[in-house]
Amino acid sequence: MSGAGFVSFVGAGPGDPELLTLKAVDRLRRADAVLFDDLSAGPILAHARRGADLVGVGKRAGRPSPRQDHVSRLLVDYAAAGGRIVRLKSGDGGLFGRLEEELVAVRAAGVPFEIVPGVPSACAAAAACGIPLTRRMTARRVQFVTGHDAAGRLPEDIDLDALADPRACTVVFMGRHTFPALAAALIVRGLPPNTPAILAEAVSAPEQRLQRMTVETLAAELAAYPGSAPALILMGPLAEGGDA
Ligand SMILES: C[S@@+](CC[C@H](N)C(=O)[O-])C[C@H]1O[C@@H](n2cnc3c(N)ncnc32)[C@H](O)[C@@H]1O
């Protein structure tokens, strides 16, 4: 595919346009087409130049997500037409962002690309709560984990013993629906039920909401009402102190 376009995989950060990198803004300004997910849309797209193709590839209005192979195909098709393509992903594209599938597709098609990192929502959530993700004496390890597999269930191969370690800080992505089951499994493995936990919703957006609870009370709350805003669950020593 010589003479093909160039793809920039750009991390859009958690949603606040002020958390975009200068490089992200530059690539958006120069793009001929921007393929974006729901969580990377909003005011961030205002940085795209007038006339650029803005193509939503996330789930909207209750419709199911477009299949990943369809998104990869679309990306390669845009690149084949030439020009500069931005593939915008929320947070840092390399964290639970299905970046791998799209890298495989562009590599296979011989399309040149770059990866522009973004601010992960987990880091923005800790900042919004006024807490560090690590603590010198009490939390020497931080672990990011997904709360759901491709079918939306708690992944079966999740390392429960590591997650039950009360000295580790854990951030659960996409865990609203599965957290009650995860919390129960961790408590069985010895995680104290009163371990501090924070539910961080719509981080950095005007509707941001931060709620501090314990693992046990948060599990009960999410079992009763999972809610729908994008949310992270922070638990462990990191959830002590701060402003949430
Ligand atoms: C497909 S993952 C993408 C994560 C992204 N690559 C990152 O680095 O943050 C989407 C999940 O990230 C979390 N997330 C992303 N943006 C968020 C935000 N602004 N507030 C809270 N959670 C967010 C939620 O758990 C959401 O379901």
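Here the structure is a predicted model, which is why all the values come from computation and not from measurement.

Draft legend 1. Representation of the sheet that holds strand β4 (residues 84-89). Pairing is parallel across the open sheet formed by 5 strands, whose spatial order is β3-β2-β4-β1-β5. Across the chains shown, the open sheet's two edge strands, defined by having one partner strand only, are β3 (53-56) and β5 (113-116). Averaged over all pairs of adjacent strands, the angle between strand axes in this sheet comes to 15 degrees, irrespective of strand direction. Looking at chain direction, strand β1 (residues 6-11) and β5 are connected through 4 bridges and run parallel.

Draft legend 2. Main features of the sheet that holds strand β9 (residues 209-214). One open sheet accounts for 5 strands, arranged β6-β7-β10-β8-β9; its pairing is mixed. Looking at the sheet topology across the chains shown, the edges are occupied by β6 (141-146) and β9. Taking each pair of neighbouring strands and ignoring which way they run, the sheet shows an average axis angle of 20 degrees. Where β6 and strand β7 (residues 168-173) come together, 6 bridges link them in parallel fashion. In the strand pairing of β7, Val 142 is matched with Cys 169. Relative to strand β10 (residues 231-235), helix α4 (residues 121-129) is tilted by about 65 degrees, and along the sheet it contacts β6, β7, β8 (196-201), β9 and β10. Contacts from helix α7 (residues 215-224) reach β8, β9 and β10, with the element oriented near 120 degrees to β9.

Draft legend 3. Local environment of the domain arrangement of the protein. The domains assigned to the protein are domain 1 (6-116) and domain 2 (121-239). On a C-alpha basis, the centres of domain 1 and domain 2 stand 27 Å from each other. Contact residues are listed per partner, giving 8 residues for domain 1 and 10 residues for domain 2. Together domain 1 and domain 2 conceal approximately 690 Å² of surface at their shared face, both sides included; 78% is due to carbon and sulfur atoms. Considering only the surface of domain 1 that becomes buried against domain 2, Pro 14, Leu 95 and Phe 96 emerge as the three largest contributors, covering 68% of it. Between domain 1 and domain 2 we count 0 salt bridges in total. For the interface between domain 1 and domain 2, the tally reads 1 residue pair in polar contact (both at pLDDT 80 or more). For the side of domain 1 that touches domain 2, a count of residues per class yields 5 nonpolar, 2 polar and 1 charged.

Cut-offs used in this document
- Residues numbered from 1 in each chain as written.
- Predicted model: local features only at pLDDT ≥ 70, side-chain atom pairs only at ≥ 80, totals over all residues.
- Heavy atoms only, no water.
- Pairing = 2+ DSSP bridges.
- Helix = DSSP H or I, 4+ residues; strand = E, 2+ residues; numbered from the N terminus.
- Axes fitted to C-alpha atoms, helices over the stretch in contact; angles between N-to-C directions.
- Contact = heavy atoms within 4.5 Å.
- Domains from an automatic or database assignment.
- Buried area = accessible area lost by both parts, 1.4 Å probe.
- Salt bridge = Lys/Arg side-chain N within 4 Å of Asp/Glu carboxyl O.
- Polar contact = N/O pair within 3.5 Å; in protein donor to acceptor, adjacent residues only side chain to side chain.
- Nonpolar A, V, L, I, M, F, W, Y, C, P; charged D, E, K, R; others polar.

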